[in-house]
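# A look at the structure
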Amino acid sequence: MPSELVRGYHERSKHRPERYAPGPGRLDWANQPDPWRTWDGTPRTALPLAADGLATRHAALRRGELPPPAPFDLVHLGILFELSLALSAWKEFAGSRWALRCNPSSGNLHPTEGYLIAPALAGIPAGVHHYLSREHVLEQRALPPAGWGRAFGGEAVLVALSSIHWREAWKYGMRAWRYCQHDCGHAVAALSLAAAALGWSARVLDRVGDDAIACLAGLDRAVDFGAAEREAPEVLMWIGGAQGDVDVDALVALAGRCTWQGRANRLSAGHVDWPDIGVVDAAARKPRTAAVQGAARLALPLPAAATNDLPFATLARRRRSAVAFDGVTTMGGAAFFALLDALLPRAHVPPWSAWPWPPQVHPAFFVHRVDGLEPGLYVLVRDPAALAGLRAALREDWLWHKTGPAHVPLYLLIPYDLRAAAQLVSCHQEIAADSCFALGMLAHTGLVAREPWRYAQLYRECGLIGQVLYLEAEAAGLRGTGIGCFFDDAMHELLGITGDAWQSLYHFTVGGPIEDSRLSSLPPYAGRGG
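An account of the accompanying structure is given in this report. Since we're looking at a predicted model, the values are computed, not measured.

Here we come to the packing of helix α4 (residues 165–172) against helix α5 (residues 176–197). Contact pair α4 / α5: the axes reach a minimum separation of 8 Å and the direction vectors enclose 130°. In terms of axis orientation, α4 runs oblique to α5. For the pair α4 and α5, the crossing hand works out as right-handed. Taking contact as the criterion, the partners of H165, E168, A169 and Y172 in α4 are, on α5, A176, W177, Y179, C180 and D183.

Okay, here's the thing in structure tokens:
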């Protein structure tokens, strides 16, 4: 059964102190994947670099205060991609050069690809376009048949996200599939926030199955890939104005009549096959499902103000992943609770407004250095309906003392210096102990037994949380980083979790970064004008 296949993968891909999950052992640099998927033989549309002209501020977005909707045209769709999937900088050291992007990725390997599915817009031809971040251009994969434009009502487009598993498996082996799902969640959040900065709404289309996404984005066209690495369909997002609508079923029916063009480039000459990745990907594929029946959201007060009010464009491009923390920086208590507040799902606040399902992920915090807060272990219960289940799943002797602002459901489990424990469960990485806090994201994996496709969805929800943590950390003058390497069951044992109804799926940490002065930072698109 698919649910048993998913469970088997999850157990086999766990890191343990005595045995890490199967991986390559060493990095085969000769076969390091090309970081850029290109479609050779496709016409390109250059997108302008216009985000500097965007006035929207991060403080407004995190309160759900959107500007008037921008036009759907070349300039503003360019900004959508510039602030979500585009390059944010180049780094250089000892003759080596690598790109950073607005959407974070495990190992900076970037398995996520984006496709724009659109009607004819000012400056953009109708059809299916692949976004190539290296050059900030759209590659037109499909010329649409007659009737394509009638599927779009008002101002709206679709964005499909896919994953190239090999990009992560080259470095991380079996566990790579997990990281691809994290990255997809980061990208969903990044697109949602960039859309909101333009005054647009965004939402993941909950009914759509993965086969439909593959059809729309041309991912099911084996002839166009040849020997190149295939892409797995992940998510389809609707992005539009208040009156925008898209008939997805009509577009799927028309996709077979499109004129498809271009061939995928091959990323590596050689590959290592990780059969477990193919097995879990097939078992966790999403079928067409019923629409979510209005996930209830609590009426919460507006979130507390961020420490710094920055233009969103500045913050989105300034986001970085920390490589080390100083071990002394303390986070202010107000800033910490403002960060927690931003993790609570509000129906009108991005990126939560883009996520149609009720929250199923709840962070467990190792608090080390937060002013006014005892060091110790805490849990943020993002949905009050989950409180009883979480309490039953964790150790009976935890305190569960409510602390902080009344509307922020943070509970102290035990006051104790847990820096050593945080470092141990995070594969002995000092960054988890030298931070202001570290955390593990506890997901309600009991859902997977009934609906295996939710396994991928839970990782993506973790990615949404991670993207908000990245931006909130930057806004507080700190820095965050995701931690994909952790000892799964050591974390569960510490918390008292048994069975598989709850599992920690992603770790994260925030602190005062140590900057590497040896690295040179270069602009992302030097030599290109707006």
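With that settled, the discussion passes to helix α3 (residues 74–82). Given 3.6 residues per turn, any residue in an α-helix points the same way as the ones three and four places further on. The element α3 is largely enclosed, with a buried count of seven among its nine residues. H76, L77, G78, I79, L80, F81 and E82 are the residues of α3 that are buried.

Turning our attention to the sheet that holds strand β17 (residues 401–403). Here seven strands make up an open sheet; going across it, the order is β17-β18-β16-β15-β19-β21-β20 and the pairing antiparallel. Looking at the sheet topology across the chains shown, the edges are occupied by β17 and β20 (479–483). With strand direction ignored, the average angle separating the axes of adjacent strands in the sheet is 30°. Relative to strand β21 (residues 503–511), strand β19 (residues 437–443) is paired through six bridges, and the arrangement is antiparallel. Bridging across to β21, L442 finds its partner in S504.

Our focus in this paragraph is the packing of helix α1 (residues 2–12) against helix α9 (residues 275–283). Between α1 and α9, whose axes approach to 9 Å, the crossing angle comes to 140°. As judged from the angle between their axes, α1 and α9 are oblique. The crossing of α1 and α9 is left-handed. Across from P2, L5, V6, Y9 and R12 in α1, the residues of α9 making contact are D276, V279, V280 and A283. Split into classes, the residues belonging to the contact of α1 with α9 amount to seven nonpolar, no polar and two charged.

Sheets are built from strands that pair by backbone hydrogen bonding, the pairs being arranged parallel or antiparallel. Ordered by their spatial adjacency, three strands build an open sheet running β4-β3-β22, and the pairing between neighbours is antiparallel. Both outer strands of the open sheet, β4 (96–101) and β22 (520–522), are each paired with one neighbouring strand and no more. Averaged over all neighbouring strand pairs, the angle between strand axes comes to 30°, with direction disregarded.

Let's shift gears to the nonpolar core. In this structure, L80, M331, F336 and F365 are the most contacted members of the largest nonpolar core, which totals 116 residues. The biggest single contributor to this core is helix α14 (residues 454–475), with 13 residues. Those residues within four positions of F365 in sequence are excluded, and the remaining contacts are F336, L340, L343, G376, L377, Y378, L380, L410, F437, A438 and L439.

The next point concerns the side chain of N265. With respect to the helices, strands and loops of the structure, N265 is situated in the loop between β14 (263–264) and α9. Engagement of the side chain of N265 in a polar contact is seen with the backbone oxygen of W36, the distance being 3.0 Å. Among the polar contacts made by the side chain of N265, one reaches the main-chain amide nitrogen of T38 at a distance of 2.8 Å. If we skip the residues at most four places from it in the chain, N265 touches D34, W36, R37, T38, D40, A228 and E229.

What follows deals with the packing of aromatic side chains. Applying the stated rule across the entire model yields 22 aromatic pairs. Here the aromatic rings of W36 and W90 are separated by 6.3 Å at their centres, their planes lie at 55°, and the arrangement is tilted. Of this pair, W36 sits in the loop between α1 and β1 (39–40) while W90 sits in strand β3 (residues 87–93); the two residues are 54 residues apart in sequence, bridging distant segments of the chain. A relative accessible area of 10% places W36 in the buried class. Aromatic side chains W177 and Y459 sit 6.1 Å apart centroid to centroid with 90° between the ring planes, which places their arrangement in the edge-to-face category. Pair noted here: W177 is in helix α5 and Y459 is in helix α14, with a separation of 282 residues, a long-range link. Three or more aromatic residues joined by ring pairs form one cluster here, namely Y9, W177, Y455 and Y459.

Moving on: the state of the cysteines. By the definition in use, this model includes one disulfide. For C427, the disulfide goes to C485, at an S-S distance of 2.3 Å. Across the disulfide from C427 to C485, rotation about the S-S bond amounts to roughly -95°, and the bridge is consequently left-handed. Of the two residues, C427 is situated in the loop between α13 (419–425) and β19 and C485 in the loop between β20 and α15 (488–495); the sequence distance between them amounts to 58 residues. Of the residues examined, C427 reaches a relative accessible area of 9% and is grouped as buried. On the basis of relative accessible area, C485 is assigned to the partly exposed category, the value being 23%. Left unpaired, C462 is separated from the closest cysteine sulfur, that of C184, by 12 Å. Look at C462 and you get buried, because its relative accessible area is 0%.

As a further point, take the environment of L343. Summarising the element assignment, L343 is placed in the loop between α11 (333–342) and β15 (361–367). With 39 residues separating them along the chain, L343 and R382 place their C-alpha atoms 7.5 Å apart. Beyond its immediate sequence surroundings of up to four residues, L343 is in contact with W352, P363, F365, L380, R382, I465, V468 and L469.

On a regular strand, one side chain projects to one face of the sheet and the next to the other, so that they alternate. Counting buried positions along strand β7 (residues 137–143) yields six of seven residues, so the element is predominantly enclosed. Two strands pair when backbone bridges link them, and strand β2 (residues 44–46) and β7 are joined in this way by three bridges, in the antiparallel orientation. In the sheet register, A46 faces β7, and the bridge partner there is V137. Here five bridges tie strand β6 (residues 127–132) to β7, and the two strands are oriented antiparallel to one another. Its bridge partner being in β7, H130 is matched across the sheet by E139. Following β6, the chain reverses through four residues before pairing antiparallel with β7; H136 in that reversal takes a positive phi of roughly 55°. In the sheet, β7 pairs with strand β13 (residues 259–260) via two bridges, with the strands oriented antiparallel. The residue of β13 that forms the bridge with A142 is W260.

Conventions we followed
Residues numbered from 1 in each chain as written. Predicted model: local features only at pLDDT ≥ 70, side-chain atom pairs only at ≥ 80, totals over all residues. Heavy atoms only, no water. Axes fitted to C-alpha atoms, helices over the stretch in contact; angles between N-to-C directions. Helix = DSSP H or I, 4+ residues; strand = E, 2+ residues; numbered from the N terminus. Parallel < 35°, antiparallel > 145°, perpendicular 65-115°, else oblique. Left-handed = near helix turned anticlockwise from the far one by under 90°. Contact = heavy atoms within 4.5 Å. Buried < 20%, exposed > 50% of the residue type's maximum accessible area, 1.4 Å probe, protein only. Pairing = 2+ DSSP bridges. Nonpolar A, V, L, I, M, F, W, Y, C, P; charged D, E, K, R; others polar. Core = buried A, V, L, I, M, F, W, Y, C linked by side-chain atoms within 4.5 Å. Polar contact = N/O pair within 3.5 Å; in protein donor to acceptor, adjacent residues only side chain to side chain. Phe/Tyr/Trp six-rings, centres within 6.5 Å; stacked < 30°, edge-to-face > 60°. Disulfide = S-S within 2.5 Å.

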